[in-house]
Amino acid sequence: MADTLQMLATIAVITLATFATRGLPFLCFGSKEPPAMLLTIEKNLPPMILLLLVIYCLKDVQWLAAPYGIPELLTIGVVAGLHLWKRNAMLSIFAGTGLYMALIQLNVFSFL
């Protein structure tokens, strides 16, 4: 019984927090224009997140050992090409993640 109550309380808190984060901007700004700093953050946040993901993904690559970072570089090329072609961050992120996972899990470059 206690586990069920704890689960329901957790779900309620998460629901309220999600609702609050979605509704807060409308309460703060309403129909007026948000501050310039917020618009700058909104514009630049997706590229900054992608840059952080690239840095994080490349931090442990062994450049002098097989497969010499080939899966990572190939995936970066595909993501960059897709993004320049379609200009869709979600497509780029999901396609890049899928390709990288396939290359790693299937051990495509094991012959090196």
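Reference entry: report on the structure contained in this document. (Residues numbered from 1 in each chain as written. Predicted model: local features only at pLDDT ≥ 70, side-chain atom pairs only at ≥ 80, totals over all residues. Heavy atoms only, no water.)

Description of helix H4 (residues 89-105)
Here comes step 1: Compared with an ideal rise of 1.5 Å per residue, which puts 17 residues at 24 Å, H4 spans 24 Å between its outermost C-alpha atoms and is within 8% of the ideal.
Here comes step 2: Here H4 has its buried residues at Ser 92, Gly 96 and Leu 103. Down the axis, H4 shows its buried residues gathered within 40° of arc, on one side only. Those residues of H4 that are exposed and angled more than 90 degrees off the buried face are Phe 94 and Gln 105.
Here comes step 3: The inward-facing, buried residues of H4 contact helix H3 (70-86).
Here comes step 4: The backbone nitrogen of Met 90 lies 3.1 Å from a side-chain oxygen of the residue at the head of H4, namely Asn 88. (Helix = DSSP H or I, 4+ residues; strand = E, 2+ residues; numbered from the N terminus. Expected span 1.5 Å × (residues − 1). Buried < 20%, exposed > 50% of the residue type's maximum accessible area, 1.4 Å probe, protein only. Arc of directions from axis to C-beta. Contact = heavy atoms within 4.5 Å. Polar contact = N/O pair within 3.5 Å; in protein donor to acceptor, adjacent residues only side chain to side chain.)

Quick notes on the layout of surface pockets
Here comes step 1: Taken as a whole, the largest pocket encloses approximately 420 Å³ of empty space.
Here comes step 2: Mapped onto the lining of the largest pocket, the elements with two or more residues apiece are helix H2 (36-58), H3 and H4.
Here comes step 3: Examining the composition of the lining of the largest pocket, we find that six residues originate from one element, H4, more than from any other.
Here comes step 4: The residue inventory of the lining of the largest pocket, partitioned by class, reads 10 nonpolar, four polar and one charged. (1 Å grid on protein atoms, 1.4 Å probe; cavity = no way out; pocket = protein on both sides within 12 Å on 5 of 7 lines; lining within 4 Å. Points joined across faces, edges and corners; volume = space filled by probe spheres on them. Nonpolar A, V, L, I, M, F, W, Y, C, P; charged D, E, K, R; others polar.)

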